[in-house]
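Below are the chains, spelled out letter by letter.
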Amino acid sequence: MGQGLAGEPRRARHKVLGVLVGTQVLGATGVGLAAVTPLVAAAMTDSPVVAGLAQTGTVVGAAVFALPVAALAARRGRRPALLFGYGAGAVGAALAVAAVTTGSWPGLVGAMVLFGGGLAANLAARYAAADLAPPAQRARAVATLLWVVTVGAVAGPNLAGPADALAAALGLTEGTGPFLAAAVVFAAAAVGVLAGLRPDPLDLASTAGHADQPVHHPVPPAAHDHLQPGPPVRVRRAGVWRRLDATGRLALAGVATSHLAMVGLMSMTPVHMGHGSASLTVVGVVVSVHVAAMYAASPLFGWMADRLGRVPVLAVGAALVVAGASISGMAPATDAPQLAAGLTVLGFGWSAALVAGSALLTESVPAQLRPAAQGLADLCMNIGGVLGGVLAGAVVTVWSYGALGLVVGFSALPLLVMCMAANPRPAG
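I will try to describe carefully the structure that is included in this document. (Residues numbered from 1 in each chain as written. Predicted model: local features only at pLDDT ≥ 70, side-chain atom pairs only at ≥ 80, totals over all residues. Heavy atoms only, no water.)

### A word on the overall build of the protein
If you tally the helices and strands in the protein, you get 18 helices and 0 strands. Counting every position in the protein, which comprises 428 residues, the buried fraction comes to 54%. Across the protein, contacts joining residues at least 24 apart in sequence account for 83% of those joining residues at least 6 apart. Of the roughly 16,900 Å² that the protein leaves accessible, carbon and sulfur atoms contribute 70%. (Helix = DSSP H or I, 4+ residues; strand = E, 2+ residues; numbered from the N terminus. Buried < 20%, exposed > 50% of the residue type's maximum accessible area, 1.4 Å probe, protein only. Contact = heavy atoms within 4.5 Å. Areas by Shrake-Rupley, 256 points an atom, 1.4 Å probe, with all protein chains shown as cover.)

Following this line, the structure appears as structure tokens:
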């Protein structure tokens, strides 16, 4: 048995992690292709409101699918859950093709909600990577899955133009190409999960013997080891918040707060720059720098979280969010370099909080509760994103972009205080 744990399961974990990396790239590319959604919706209706609804539909869909994906993972494993999410994304992309072809903007909005299943699967994949990793490497495993998103985040939007040109050459309606390409890559991700994610990551975690081993955790391991199997998933889902200890709630607050702050400030920055007559090229560079900061630095934060502890890195993330909001909020609309610097720091803060918070949440609950807790985290994260976008628009409309920076900065301060008060055990 000892040789098996050291040999075959280890090879299986490497193989399954490779499949997760490949499908994550495909899924991120599919999500990136949907960057043209507001433009397509605006061309269909000449309405900024409809364009915003279509863009928001993906995030709403990710929130809607978060709990079903988690419930399916708890009942049957990660493979069926990810297959369900990517499959829903592929169907949503195909329905978006039909909606654009028929000129139905309500159909497009509805299709993008279903499309959000692909985003939900991409978010859930980081937890599958955490299942596979030994406790001392969980944050780095999460960071690896986030880092490869960079490939899809860059490739997706850049493939939208060629995909639409190909669709036009095939006689399809203008604007359908990116969604058709997204349907293909989501379907490819689903096939990859179906064929390659064997054995299931949750099964591998149990086989390896580290499913219930927490690290950097203020509660003694025995508190988790002696927990009895929980009630059915439909009951656990409703009561999972009550089953989270203070550390688990801190992780949940960290993931949700950082995402709300990031989406809120990021959504209004192009508008702010537009008031300064910035060109689309300049806006695009600022946004690209921000996206690169969100994902490219994740391996560094994963290494830090494994070496220094989850809570200290979560505190670093909160501090970076406060700093990024301050730098951006004080920038005039014409100062693209300062806005780029602020959004870069904000992206680093989001990355640190997501990596450390995801690893901390995984370790804060016993194995049988993890999928439900992780689903709750993704639900809160996506709801935070929706609220961040809506509230940011209201703040800028009533006050200013500078006021938004102030609000976002203050919103992350309680998280920083909670991290400093947590006083976790030092990393071993």
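### Let's talk about the packing of aromatic side chains
Scanning all chains against the criterion turns up 5 aromatic pairs. On the numbers, 5.6 Å between centres and 50° between planes, the contact of Phe-65 with Phe-84 is tilted. Taken together, the residues Phe-65 in helix H4 (residues 48-76) and Phe-84 in helix H5 (residues 78-102) connect sequence positions 19 residues apart. The exposure class of Phe-65 is buried, given its relative accessible area of 10%. Classification of Phe-84 as partly exposed rests on a relative accessible area of 35%. By way of ring pairs, the aromatic residues Tyr-86, Phe-115 and Phe-186 are connected into one cluster. (Phe/Tyr/Trp six-rings, centres within 6.5 Å; stacked < 30°, edge-to-face > 60°.)

### Describing empty space enclosed by the protein
Here the structure, examined in full by the defined rule, presents 1 cavity of 30 Å³ or more. The calculated volume of the largest cavity comes to roughly 100 Å³. What lines the largest cavity is a set of 14 residues, and nearest its centre among them are Val-69, Ala-70, Arg-78, Ala-124 and Asp-378. Looking at the lining of the largest cavity, the elements that each hand over two or more residues are H4, H5, helix H6 (105-132) and helix H17 (370-398). When grouped by side-chain class, the residues that make up the lining of the largest cavity number 10 nonpolar, 2 polar and 2 charged. (1 Å grid on protein atoms, 1.4 Å probe; cavity = no way out; pocket = protein on both sides within 12 Å on 5 of 7 lines; lining within 4 Å. Points joined across faces, edges and corners; volume = space filled by probe spheres on them. Nonpolar A, V, L, I, M, F, W, Y, C, P; charged D, E, K, R; others polar.)

### What about a nonpolar patch on the surface?
Together, Leu-166, Leu-170, Leu-172 and Leu-180 make up an exposed nonpolar region whose accessible area comes to about 380 Å². Within the element layout of this structure, Leu-172 appears in the loop between helix H7 (138-169) and helix H8 (177-196). (Patch = residues over 30% accessible without salt bridge, like charges linked within 9 Å, V, L, I, M, F, W, Y side chains within 5 Å. Salt bridge = Lys/Arg side-chain N within 4 Å of Asp/Glu carboxyl O.)

### Digging into the layout of surface pockets
If a probe the size of a water molecule is rolled over the atoms, the empty space left behind becomes visible. Its volume calculated, the second largest pocket comes out at about 240 Å³. Broken down by secondary-structure element, the contributors of at least two residues to the lining of the second largest pocket are helix H2 (8-33), H6 and H7. Residue contributions to the lining of the second largest pocket peak at 4 residues, all from H2. Of the residues assigned to the lining of the second largest pocket, the class counts are 6 nonpolar, 3 polar and 3 charged.

### Side note on the environment of Ala-412
For Ala-412, the location among the structural elements is in helix H18 (residues 401-422). Note: C-alpha distance between Ala-412 and Ala-253 (159 residues apart in sequence) is 9.9 Å. In contact with Ala-412, other than residues within four places in its own chain, are Thr-257, Ala-318, Val-321 and Val-322.

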